[in-house]
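Working through the structure, step by step
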Amino acid sequence: MAADETSTPDARRVAPLAPLPDHRNVDTPWWQELWRRHAHITTPLRERGLECDIEFGLSSYIVRVALPDDSYLIISPPQEPPSERPPGNPEGWIATREHPDDQALFEVIYDSAPSADPSVPERSEARHGGSAAPLIEAIDQRLTQLGLLPRPVSPTASVLVPTATPTPHAPETPNTCDTADGTTVYVYGDALCALTDQLNATESHADAAALLHQILDPINGLLEQLSDFFEAAGKKAKEAEQDDGFDLSHDLADAAAEIRTLGEVLHVAEDRMRALTRLVPAPQLTSAPDRPPSLPPRVLPVAQPRHAR
């Protein structure tokens, strides 16, 4: 996400995003790349009126979020030991609330980082790994309880496909069905095809923008959920003892990062689509004349009979 994203406010928001940090280096390619890698964290928080900054922590970059009571949030990947993942795409997130003048105020709001100590049980959030959606939800819930959320945002009502309910023993081909001719139909692919057909049939750019929202929403959109899926697949591959399982886990993690990056690059596409105006087609003639139409015939007066002398 470029550092000047406030120049394109979202038409769905009541107010523009919270301002960006005032740094001298915000216009440098390095800063813009760092900000873009954390956009799936900073964008939903700035939609809620919270000012975000990116700093270097103990061993990696962190997101600092200023709160109305002068306390702040620190959202970071694992610091000790340091994360080996690229900035903005860690194996887990840790969110804490602290106060510069009150050392007693310290609470862990969210922790999905894997435990470095086998004797310490992991928190329930660990199953979410580096996913941003449950992190933002946990922050929403806690700040709402504390009355520190400047601008509450309603959760997105539209979801492309329902989340599959986990079962102890998943079927061999989950979320599929066989048609009468023996072909296999995948529910999620079929749902996306239906969304594409709906987009092709719409006559309103506003409706097209609403369909784009289902894909690009930074919390519940298809791209975000797809990146979470590949992250989970990478963790599953890493459970294997073969060397290729380790390599595959990195490939899948890279794919997840690329998908998330695609969503960040296209984050203003919905606004741009909504701002478009459909051109009114010019009226078409049934047949184009070969030459300009002639003037209507002039009506001459009726000739009067002449009388013989």
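Refer to the structure above for everything that follows.
Attention in this report is confined to the structure presented alongside it.

Rules used throughout
- Residues numbered from 1 in each chain as written.
- Predicted model: local features only at pLDDT ≥ 70, side-chain atom pairs only at ≥ 80, totals over all residues.
- Heavy atoms only, no water.
- Helix = DSSP H or I, 4+ residues; strand = E, 2+ residues; numbered from the N terminus.
- Buried < 20%, exposed > 50% of the residue type's maximum accessible area, 1.4 Å probe, protein only.
- Contact = heavy atoms within 4.5 Å.
- Areas by Shrake-Rupley, 256 points an atom, 1.4 Å probe, with all protein chains shown as cover.
- Patch = residues over 30% accessible without salt bridge, like charges linked within 9 Å, V, L, I, M, F, W, Y side chains within 5 Å.
- Salt bridge = Lys/Arg side-chain N within 4 Å of Asp/Glu carboxyl O.
- Lys, Arg positive; Asp, Glu negative; His and termini not counted.
- Charge placed at Lys NZ, Arg CZ, Asp CG, Glu CD.

Looking only at helices and strands, the protein has eight helices and seven strands in total. In the protein, buried positions account for 35% of the 309 residues. Taking as baseline every contact in the protein between residues at least 6 positions apart, the subset at least 24 positions apart corresponds to 53%. Surface accessibility of the protein: about 20000 Å² in total, with carbon and sulfur atoms responsible for 57%.

On to unusual backbone geometry. At Asp70, a residue that is not glycine, the phi angle is positive and equals roughly 75 degrees. Position of Asp70 among the secondary structure elements: in the loop between β2 (61-66) and β3 (72-76). What makes Asp70 exposed here is its relative accessible area of 57%.

Now for the environment of Lys238. Looking at the element boundaries, Lys238 is found in helix α6 (residues 222-238). Sequence-distant contacts of Lys238, that is, excluding residues within four places in its chain, are made with Gly245, Phe246 and Ser249.

Taken together, Asp243, Asp244, Asp247, Asp251, Asp254 and Glu258 make up a surface patch of like negative charges. Considering the arrangement of structural elements, one finds Asp244 in helix α7 (residues 243-265).

Below, the discussion takes up the environment of Leu211. One can find Leu211 in helix α5 (residues 205-216). Once the C-alpha coordinates of Leu211 and Leu195 are considered, the two residues, 16 residues apart in sequence, prove to be 7.4 Å apart. Beyond its immediate sequence surroundings of up to four residues, Leu211 is in contact with Leu195, Gln198 and Leu199.

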